[in-house]
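# Breakdown of the fold
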Amino acid sequence: MTAPRPAVPLTDDLSRLAGLHGVATSYSPSPGRTVTASAAAVTHALAALGIDTSTPDATRAALAARERELGTRLLPPTVVCWTGAAPAALAALPEGTRLRIETEQGETRAAAEDLPPGVHRLTAVAPDGRTAEVHLVVAPARLPTPTGRSYGVLVQLYSLLSRRSWGMGDLGDLGELAAWAGRALGAGFVQVNPLHAAVLGAPTDPSPYRPSSRRFPDPVHLRVEDIPEFAYVTGDSDDVAGADGERRDRVRTLLDRAGRLREAVLDKGALIDRDAVWQLKREALELVREVPLGPGRRAAYADFLAREGEALEDHATWCALAEVHGSDWHLWPTALRDPRSAGTERARAELLDRIDFWSWLAWLTDAQLTATQRAAREAGMPVGIVHDLAVGVHPQGADAWAQQEYFAAGMSVGAPPDAFNSRGQDWGLPPWRPDRLAASGYAPFRQLLRALFHYAGALRIDHVMGLFRLWWVPQGLPPTEGAYVAYDAEAMLAVLVLEASRAGALVIGEDLGTVEPGVRETLRERGVLGTSVLWFEREWDGDGRPLPPDRWRADCLATATTHDLPSTAARLTGEHVELRDRLGLLTRSLEEERAEAAADIGEWLEVLARLELLQGAGGGGGLSSEEAEVQAVHRFLLRTPARMIGVWLPDTVGDRRPQNLPGTWDQYPNWRLPIADAEGRPVTLEELARSPRLHALMEVLRAGAPEART
């Protein structure tokens, strides 16, 4: 990366060069207002793309080179063909251009008509001798959207503890929740937080949105007792002697420790301690691994290794190296910072056993995730498990190490200043380079999606606007000194639609907040559902009042809240304002914040009453006013045409606490709280299943969505 000089002004040449590389020189924080990006932001972004703008001469040379490249090339590195439509790029080729298409299926074609879905290799030779070898992505024009309506629950898996979990919710708990919710509640899906692998080491970053790898799941979610070999560690006999007896005793000790860890969270008010849970599970898994795999299990493991290939080897190698050298690969010995170096190759040989250990963990976790989706579908869920794809990865983690060529060095993803945050946001996640993605035919993105769709009934894309553009923040500069960098949204969407269609899965885009014009329309055109949260659905282009239910969009997942927002009970009671006041997060006086929150809720309650959705409170109805209001909120969601309706699982028992409070770090226990009732008492999965309040709320959904099982 060529280091830019921030003092370079935003000249016409620099602006033109930036535009030709997809770097925006302005942004709109609000309608009707445009802000010019700083020259520092633009030059840093171009430098991360390998473009030298350190002097006016260098800028002019880079501009001339880019104009020459674009003017002479036949085709972009990746061309999209939607089924039933001719690619515009091919139609613009000079008359007489010869095509040769080598399909994924092994065929050779001379024309782009009626191609099977896939990522094919296209060679074009023009009459003047120019040649292009590019990737051709052929995708269905649109993903099928649900024909009926389904409702389901949203949960942060770690917060869902049963009396069998080891201090945090696990995949056994998720399977139980799905099987119960499908059969007993008529639910069509369960949406969970990202289950991506976390960066190793303690303390671990508890946020599931800053993972080490998005490609591979985290073994901390394993239900250890569900691993087939576990039974052979514990044994059924008390007279087991020697090494086997010692292993059995060690496992029993670990189970006792796990029980104490679980009881501390459920019965003694302790926070979820992910690091302590992983320490216990890791010790247990080391013992389980000593049990040889049977022939069938060994063959299944070999198939998994072959399927995942180099990506798994890289991930497991990073894990093994992190055990020795620490989790930040930037601080490793120089030779090990390159996954393809001779030094790394020698380290692979030396750490072969540990690499196999981490590969084995990935296999076990993949198997339990697959079993969880199977359990959901067997319970009658038309969708099953909705997994969550984080917007990026931790800069110190496995993906950033293994895929360095695809990440923009010295850059971080964030958000520009807007009406809600004048300082902007820096999320600390390195962005993908759009040029390298396109040159590879979006191979890393394809592989990531294929891995997730292997066990997902649907995939939620966090910050789905990132398929179109991302706010790049140069390292060392504030978020205000960032710039938008564009991605080939058509190619990104084509890959997404292709992989989802192959898996028969739905896609839900998290499109909350400020969204570039045309994005929601483009997503809808391709069958990607949006996300609508009740409190944000207002007549923003009119009087600002709550949007009537019949004017909501149909192609969306509609909810009352999310993991980043107050629970419904907290919002209705105003307790979210009191919490922010206690933590010093208010930007206005407590009285002003209380008044605004009360006015907002009052307006919504007026709407709910006018629509006769407030039922059962007082007068012999048997419900508290709060429970009646929570039910009314969900009756309102049922009045909308939304194809999917999600219930935040903590809302079913009156939980007051948000799982994550944006803007806090150590002031609030983000990502470490178990589901609790209105008094803050942790509620187990078994208690949830018996909760009258939960059943009453879910009956509202069942009664109001009779077509949910279609």
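This one's a predicted model, so the numbers in the text were calculated from it and none came from an experiment.

## Comments concerning the overall build of the protein
Summing up its helical and strand segments, the protein has 22 helices and 21 strands in all. Expected size for 710 residues packed as a compact globule is a radius of gyration near 27 Å; at 27 Å, the protein falls within 12% of this value. When the backbone C-alpha atoms are referred to their principal axes, the protein occupies close to 80 × 75 × 50 Å. Here the protein, with 710 residues, has 57% of them falling under the buried criterion. Long-range contacts, defined here as pairs at least 24 residues apart, represent 71% of the contacts in the protein between residues at least 6 apart. Split by element, the accessible area of the protein, about 29,300 Å² in all, is 51% carbon and sulfur.

## Here we look at the sheet that holds strand β20 (residues 556–559)
The strand order across the open sheet formed by eight strands is β18-β15-β12-β9-β8-β21-β20-β19, and the pairing between neighbours is parallel. Either end of the sheet is taken by a strand with one partner, and the two such strands are β18 (506–509) and β19 (530–533). In this sheet, neighbouring strand axes are inclined to one another by 25° on average, regardless of whether the strands run parallel or antiparallel. Across five bridges, the pairing between strand β8 (residues 150–155) and strand β21 (residues 644–648) is parallel. By the bridge assignment, serine 150 is partnered in β21 with methionine 644.

## Some words on unusual backbone geometry
Put simply, alanine 202 and proline 203 share a cis peptide bond, and its omega is 0°. Of note, proline 203 is situated in the loop between β10 (196–197) and β11 (213–217). Look at aspartate 114: it is not a glycine, yet its phi comes out positive at around 55°. For histidine 463, which is not glycine, the phi dihedral falls at a positive 50°. Residue placement: histidine 463 occurs in the loop between β15 (458–461) and β16 (469–474).

## Considering the nonpolar core
If you look at the biggest cluster of nonpolar residues, it comprises 122 residues, and the most contacted ones within it are Val23, Leu177, Val190, Trp472, Leu496 and Leu649. When residues of this core are assigned to their parent elements, the largest contribution, 10 residues, is made by helix α15 (residues 489–503). The contacts of leucine 496, once residues within four sequence positions are left out, are Phe445, Leu449, Phe453, Ile461, Leu467, Val507 and Val528. Counting residues in each nonpolar core, the second largest holds 58 residues, with Ile227, Val265, Trp332 and Leu361 among its members.

## Here we look at the pattern of salt bridges
Tallying each qualifying case throughout the model produces 55 salt bridges. As a salt-bridge pair, arginine 340 and glutamate 310 come within 3.4 Å of each other at their nearest N and O atoms. Of the two residues, arginine 340 is situated in the loop between α9 (295–325) and α10 (342–350) and glutamate 310 in helix α9; the sequence distance between them amounts to 30 residues. Judged by its relative accessible area of 51%, glutamate 310 falls in the exposed class. Across the pair aspartate 462 and arginine 460 runs a salt bridge whose closest N-O atoms are separated by 3.5 Å. No difference in accessibility class separates aspartate 462 from arginine 460, as the two residues are buried. What emerges from the salt-bridge pattern is a single network uniting Glu310, Glu313, Asp314, Arg340, Glu345 and Arg348.

## Here we look at the packing of aromatic side chains
A complete count under the given rule lists 13 aromatic pairs for this structure. Ring geometry for tryptophan 278 against tryptophan 358: centres 6.1 Å apart, planes inclined by 40°, an arrangement best described as tilted. With tryptophan 278 in helix α8 (residues 274–288) and tryptophan 358 in helix α11 (residues 352–378), this residue pair connects regions lying 80 residues apart in the sequence. Judged by its relative accessible area of 12%, tryptophan 278 is buried.

## Considerations on the sheet that holds β16
The antiparallel open sheet is built from four strands, whose spatial order is β14-β13-β16-β17. Among the strands making up the open sheet, the edge pair consists of β14 (425–429) and β17 (483–486). Averaged over neighbouring strand pairs, the angle between their axes works out to 50° when direction is ignored. Taken strand by strand, helix α2 (residues 39–48) contacts β13 (411–415), β16 and β17, and its axis lies near 105° from that of β16.

## Considering α9
When the terminal C-alpha atoms of α9 are compared, their 35 Å separation across 31 residues is substantially less than the 45 Å that a helix rising 1.5 Å per residue should span. A maximum bend of about 100° is found in α9 at glycine 309. Two residues or fewer after α9 comes glycine 326, characterised by a positive phi angle close to 95°.

## Remarks on the environment of glutamate 104
Relative to the helices and strands, glutamate 104 is located in the loop between β4 (98–102) and β5 (108–109). For glutamate 104, a relative accessible area of 38% corresponds to the partly exposed category. Between the C-alpha atoms of glutamate 104 and proline 117, which are 13 residues apart in sequence, the distance is 8.6 Å. For glutamate 104, the residues in contact, after removing those within four places along its chain, are Gly118, Val119, His120 and Arg502. Among the polar contacts listed, one links the side chain of glutamate 104 to the side chain of arginine 502, at a separation of 2.6 Å.

## Thoughts on the side chain of aspartate 328
Inspection of the secondary structure assignment puts aspartate 328 in the loop between α9 and α10. Summary of buried charges: aspartate 328 has no salt-bridge partner, and the nearest side chain of opposite charge, arginine 337, is 8.1 Å away. A distance of 2.7 Å separates polar atoms of two side chains, one belonging to aspartate 328 and the other to histidine 330.

## Considerations on the confidence of the model for the protein
For the protein, the mean per-residue pLDDT works out to 94, and 96% of the residues sit at or above 70. pLDDT under 50 marks residues 1–7. Its contacts with residues more than four places away, or in other chains, come to 16 contacts.

## Regarding the packing of α9 against α11
It is at 7 Å that the axes of α9 and α11 come closest, and there the two elements cross at 125°. By the angle class used here, α9 and α11 are oblique. Relative to α11, α9 is oriented so that their crossing is right-handed. Residues Arg297, Ala300, Tyr301, Phe304, Leu305, Arg307, Leu312, Ala316, Thr317, Cys319, Ala320 and Glu323 of α9 pack against Arg354, Ile355, Asp356, Trp358, Ser359, Trp360, Ala362, Trp363, Leu364 and Asp366 of α11. Of the residues assigned to the contact of α9 with α11, the class counts are 14 nonpolar, two polar and six charged.

## A word on the pairing of strand β2 (residues 33–36)
The side chains of a regular strand alternate, residue by residue, between the two faces of the sheet. Relative to β2, strand β1 (residues 26–30) runs antiparallel, the two sharing three bridges. Within the sheet, the bridge partner assigned to serine 30 lies in β2 and is arginine 33.

## Some points on the environment of glutamate 679
By the element assignment, glutamate 679 lies in the loop between β21 and α21 (685–690). Residue classification places glutamate 679 among the exposed residues on the basis of a relative accessible area of 69%. As for glutamate 679 and valine 653, which are separated by 26 residues in sequence, their C-alpha atoms are 9.9 Å apart.

Definitions and limits used
Residues numbered from 1 in each chain as written. Predicted model: local features only at pLDDT ≥ 70, side-chain atom pairs only at ≥ 80, totals over all residues. Heavy atoms only, no water. Helix = DSSP H or I, 4+ residues; strand = E, 2+ residues; numbered from the N terminus. Rg over C-alpha atoms; globule rule 2.2 N^0.38 Å. Buried < 20%, exposed > 50% of the residue type's maximum accessible area, 1.4 Å probe, protein only. Contact = heavy atoms within 4.5 Å. Areas by Shrake-Rupley, 256 points an atom, 1.4 Å probe, with all protein chains shown as cover. Pairing = 2+ DSSP bridges. Axes fitted to C-alpha atoms, helices over the stretch in contact; angles between N-to-C directions. Core = buried A, V, L, I, M, F, W, Y, C linked by side-chain atoms within 4.5 Å. Salt bridge = Lys/Arg side-chain N within 4 Å of Asp/Glu carboxyl O. Phe/Tyr/Trp six-rings, centres within 6.5 Å; stacked < 30°, edge-to-face > 60°. Expected span 1.5 Å × (residues − 1). Bend = angle between axes of the 7 residues up to and from the residue. Polar contact = N/O pair within 3.5 Å; in protein donor to acceptor, adjacent residues only side chain to side chain. Lys, Arg positive; Asp, Glu negative; His and termini not counted. pLDDT = per-residue confidence, 0-100. Parallel < 35°, antiparallel > 145°, perpendicular 65-115°, else oblique. Left-handed = near helix turned anticlockwise from the far one by under 90°. Nonpolar A, V, L, I, M, F, W, Y, C, P; charged D, E, K, R; others polar.

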